[in-house]
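Descriptive analysis of the structure
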Amino acid sequence: MSKQPGIAAQIIRQGGEVVVIALMAFGLQSLWKTHWLDARAFCLVVVAAALAKTVFFFVENLQHILMATQDDMPYHRVLGLMGVNMAQITLAFALDFWCLELAEPASFSEIDAAWSQGEQLFEFFFYSVLNFSFFGFGDVTPRTIPAKLITMMEVLLAFFTVIFLLSDFVSLKDSLRVRKPEGK
């Protein structure tokens, strides 16, 4: 019997995750605007939030691959789940980079303080996609330790997701599949 959630349930769950990611970013920005924390403490909070999201996405990716293996999920469905998950990851990290730049405007090179928040957010999403795809042009680089830590988290999560889960899914699926005794 399949334990796969239906498509509608997956859409609702992953849509809810996007809402939580956005709410976390706007909550962090609201925290910054209260001036309750100085820049260094705020950056530590952003790093902690990024670490929590990294662990969450690592576990979620692992659950997707295990569910796909146990339920003999079609490869196209696994790719769909992972594609949505990758989009969530790049959005989550883009928002983290945006929050760091809010508190410490020199966190990244080539980000113009005169840009609107929308322009900055686009630039961080672009930077995040390039990090996740291992393509990086090098036009935006992290300058501070919190920015470098969060960039490293994204690259390590991307490495796990792309290299281990997608590049050799078929072999992984075969190696994890429970073998049924012959003759049954």
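The structure under discussion appears in the preceding block.
This write-up is about the structure you can find in this document. For every chain, the first residue of the written sequence is number 1, and numbering continues from 1 onward in sequence order. Per-residue local features are limited, in this predicted model, to residues with pLDDT of at least 70; the limit for side-chain atom pairs, both in listing and counting, is 80 or more; totals at the level of whole chains, interfaces and linings are taken over all residues. Side-chain metrics in this entry use all non-hydrogen atoms of the structure; hydrogen atoms and water are not considered.

The definition of a nonpolar core used throughout is a set of buried Ala, Val, Leu, Ile, Met, Phe, Trp, Tyr and Cys residues joined through side-chain atoms within 4.5 Å. The rule is simple: take the accessible area with a 1.4 Å probe, protein chains only, and divide by the maximum for that residue type; under 20% is buried, over 50% is exposed, in between is partly exposed. Core analysis: the largest hydrophobic core is formed by 40 residues, its most contacted members being Phe42, Phe108 and Ile150. Helix and strand assignments follow DSSP, with helices taken as H or I runs no shorter than four residues and strands as E runs no shorter than two, numbered in order from the N terminus. Of all the secondary-structure elements, those providing two or more residues to this core are helix H1 (7-33), helix H2 (39-70), helix H3 (75-103), helix H4 (117-132) and helix H5 (145-166). By residue number, the principal contributor to this core is H3, which donates 14 residues.

Disulfide assignment relies on a single distance test, namely cysteine sulfur atoms paired within 2.5 Å. Under the criterion given, the structure shown has zero disulfides. Cys43 forms no disulfide, and the closest cysteine sulfur to it belongs to Cys99, at a distance of 9.6 Å. Given the relative accessible area of 0%, Cys99 is considered buried.

Aromatic rings from Phe, Tyr and Trp, taking only the six-membered ring of Trp, are treated as a pair when their centres fall within 6.5 Å; an angle between ring planes under 30 degrees marks them as stacked, one over 60 as edge-to-face, and anything in between as tilted. According to the stated counting rule, one finds twelve aromatic pairs in the structure shown. Each ring, one from Trp32 and one from Phe42, has its centre 5.2 Å from the other, and the planes form 45°; the classification is tilted. Here the residue Trp32 occupies a position in helix H1, and Phe42 occupies one in helix H2, the gap between them amounting to ten residues. Taken together, a centroid distance of 5.6 Å and an interplanar angle of 70° make the contact between Phe108 and Tyr127 edge-to-face. Highlighted residues: Phe108 in the loop between H3 and H4 and Tyr127 in helix H4, separated in sequence by 19 residues. Across the pair, Tyr127 and Phe108 agree in class, each one buried. A connected cluster of aromatic rings, assembled from ring pairs, spans Phe93, Phe97, Phe108, Phe124 and Tyr127.

A word on H1. Multiplying 1.5 Å by the residue count of a helix minus one yields the expected span of that helix. Over its 27 residues, H1 runs 39 Å from end to end, which matches the ideal 39 Å to within 8%, given 1.5 Å per residue. Buried residues of H1: Gln10, Gln14, Glu17, Ile21, Ala25, Leu28, Gln29 and Trp32, and no others.

Looking now at the pattern of salt bridges. Definition used for salt bridges: Asp or Glu carboxyl oxygen within 4 Å of a side-chain nitrogen of Lys or Arg. Using the criterion set out here, one finds three salt bridges in the structure. Between Glu17 and Arg13 there is a salt bridge; the shortest N-O distance is 3.4 Å. Of this pair, Glu17 and Arg13 both sit in helix H1, four residues apart, which is roughly one turn of that helix. Using a relative accessible area of 10% as the deciding quantity, one classes Glu17 as buried. Taking the shortest distance from any N to any O, the salt bridge between Lys53 and Asp96 comes out at 2.7 Å. Within this pair, whereas Lys53 is found in helix H2, its partner Asp96 is found in helix H3, the two being separated by 43 residues in sequence. One exposure class covers both Lys53 and Asp96, and it is buried. Overlapping salt bridges bring together Arg13, Glu17 and Glu60 as one network.

On to H4. Three- or four-residue spacings in an α-helix give side chains the same orientation, since the helix completes a turn every 3.6 residues. With 16 residues, H4 ought to run about 22 Å at 1.5 Å a step, and its terminal C-alpha atoms sit 22 Å apart, in line with that. For H4, the set of buried residues is Gln120, Glu123, Phe124, Tyr127, Ser128, Leu130, Asn131 and Phe132.

This part is about the side chain of Lys53. Lys53 gets classed as buried once you look at its relative accessible area, which sits at 7%. Discounting residues that sit within four places of it in the chain, Lys53 has contacts with Met24, Ala92 and Asp96. What makes two residues a contact is simply this: any of their non-hydrogen atoms within 4.5 Å.

Of note in this structure, His35 is not a glycine but carries a positive phi near 60°. Note on placement: His35 falls in the loop between H1 and H2. With a relative accessible area of 64%, His35 lands in the exposed category. Although it is not a glycine, Phe134 sits at a positive phi angle of roughly 65°. Along the chain, Phe134 falls in the loop between H4 and H5.

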